[in-house]
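Examination of the molecular architecture
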Amino acid sequence: MPQYFESDGGLKRNFKRIAYTYGGREFSFLTCDGVFAKDGVDPFSAALLDCAGDCGVTGDVLDMGCGYGAVGVIAAGTFPGVRLCQSDINRNAAELAAENARLNGVASRVILSDGYENIDGLFDWVLMNPPIHAGKERVYRLFGDTKAHLKEKGKLLVVIHKKHGAESALRELERVYGEVGVVYRKKGLYIMMCGVSGT
């Protein structure tokens, strides 16, 4: 069966609508079968959003592996000055992200892409809840490719759980970026921030 991290447009849809309140605003999202966390915003993404707010995410923001678009849409709908770009390898997810941006009154450029294959330009922030089940090789390639798409002071903010390899991911990020800040660590959940010149 096709997975959410694969490029496939032939999945059964079975649309449903979910709601999520953040920053005092209620957001509405359309989801369907075959996309990540179709039944509601997952705790990893929720923690990533909280850290993004605490870290002052603004400017050109890429929601990499956006799924149906919750993280990027909420960030753009909540944090001042966000110019949003979203990307996913899954066609259904990318189409939903575009629709969910429209439903929530958020401007977003949505790109169907395997990693950075179809993405140009540089970003102030890249937000990533990586596709762990796609395998370490693919996730680590995303880490490395992100570096080339960050502005001079740009940052990658990535969330991973310890049971999914957070500690080894931290070592890989340190290898690629140098100094990496662990901005959140609780109950096995790590959120790491790194940039082209360290943190």
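I will try to describe carefully the structure that is included in this document. Just so it is clear, the structure is predicted and the values come from calculations on it, not from any experiment. (Residues numbered from 1 in each chain as written. Predicted model: local features only at pLDDT ≥ 70, side-chain atom pairs only at ≥ 80, totals over all residues. Heavy atoms only, no water.)

Further remarks concern helix α5 (residues 166-177). Along an α-helix, a turn takes 3.6 residues, which lines up residues three or four apart on a common side. Under the 1.5 Å per step criterion, the end-to-end length of α5 is 16 Å for 12 residues, consistent within 8% with the ideal 16 Å. Buried residues of α5: A166, S168, A169, L170, E172, L173, V176 and Y177, and no others. Buried residues in α5 make contact with α4 (136-147), β7 (150-161), β8 (181-186) and β9 (189-195). Among the residues trailing α5, G178 stands out with phi positive, at a value near 90°. (Helix = DSSP H or I, 4+ residues; strand = E, 2+ residues; numbered from the N terminus. Expected span 1.5 Å × (residues − 1). Buried < 20%, exposed > 50% of the residue type's maximum accessible area, 1.4 Å probe, protein only. Contact = heavy atoms within 4.5 Å.)

Within the structure shown, the criterion is met by 4 aromatic pairs. Arranged with centres 6.3 Å apart and planes meeting at 10°, the rings of F27 and F29 form a pair that is stacked. You'll find F27 and F29 in the same group, each marked buried. Ring plane angle 55° and centroid distance 5.9 Å describe the contact between F29 and Y68, whose orientation is recorded as tilted. With F29 in strand β2 (residues 25-31) and Y68 in the loop between β3 (59-64) and α2 (70-78), this residue pair connects regions lying 39 residues apart in the sequence. An aromatic cluster is built from F27, F29 and Y68, whose rings are joined through pairwise contacts. (Phe/Tyr/Trp six-rings, centres within 6.5 Å; stacked < 30°, edge-to-face > 60°.)

Within β9, 7 of the 7 residues are buried, leaving the element largely enclosed by the surrounding structure. Of the two faces of β9, both are covered, the one formed by L189, I191, M193 and G195 as well as the one formed by Y190, M192 and C194. As judged from the 7 bridges shared by β7 and β9, these two strands associate in the antiparallel manner. For L156, the partnering residue across the bridge sits in β9 and is C194. Where β8 meets β9, 5 bridges bridge the pair, whose relative direction is antiparallel. Its bridge partner lying in β9, K186 is registered against L189. (Pairing = 2+ DSSP bridges.)

It is worth spelling out the pattern of salt bridges at this point. Under the definition given, this model contains 9 salt bridges. In this structure, the salt-bridge partner of D39 is K16, at a minimum N-O distance of 2.9 Å. Taken as a pair, D39 in the loop between β2 and α1 (43-54) and K16 in strand β1 (residues 16-22) lie far apart in primary sequence, 23 residues in all. Judged by its relative accessible area of 34%, K16 is partly exposed. Between K162 and E167 there is a salt bridge, with its nearest N and O atoms 3.8 Å apart. In this structure, a network of salt bridges that share partners links the residues D60, R83, D124 and K151. (Salt bridge = Lys/Arg side-chain N within 4 Å of Asp/Glu carboxyl O.)

Here we come to the nonpolar core. As a rule of thumb, soluble globular proteins bury nonpolar side chains together. Counting residues in each nonpolar core, the largest one holds 37 residues, and the members touching the most others are F29, Y68, L127 and L157. Top element by residues in this core is α1. It accounts for 6 residues. The contact partners of L157, leaving out residues within four places of it in the chain, are L48, C51, A52, C55, V126, L127, M128, V183, I191, M192 and M193. The next biggest cluster of nonpolar side chains, apart from the first, holds 27 residues, and it includes I111, V126, M128 and L173. (Core = buried A, V, L, I, M, F, W, Y, C linked by side-chain atoms within 4.5 Å.)

Unusually for a residue other than glycine, A37 sits at a positive phi of about 55°. As for its placement among the helices and strands, A37 is situated in the loop between β2 and α1. Phi at K187 takes a positive value of approximately 50°, unusual for a residue other than glycine. Structurally, K187 can be placed in the loop between β8 and β9.

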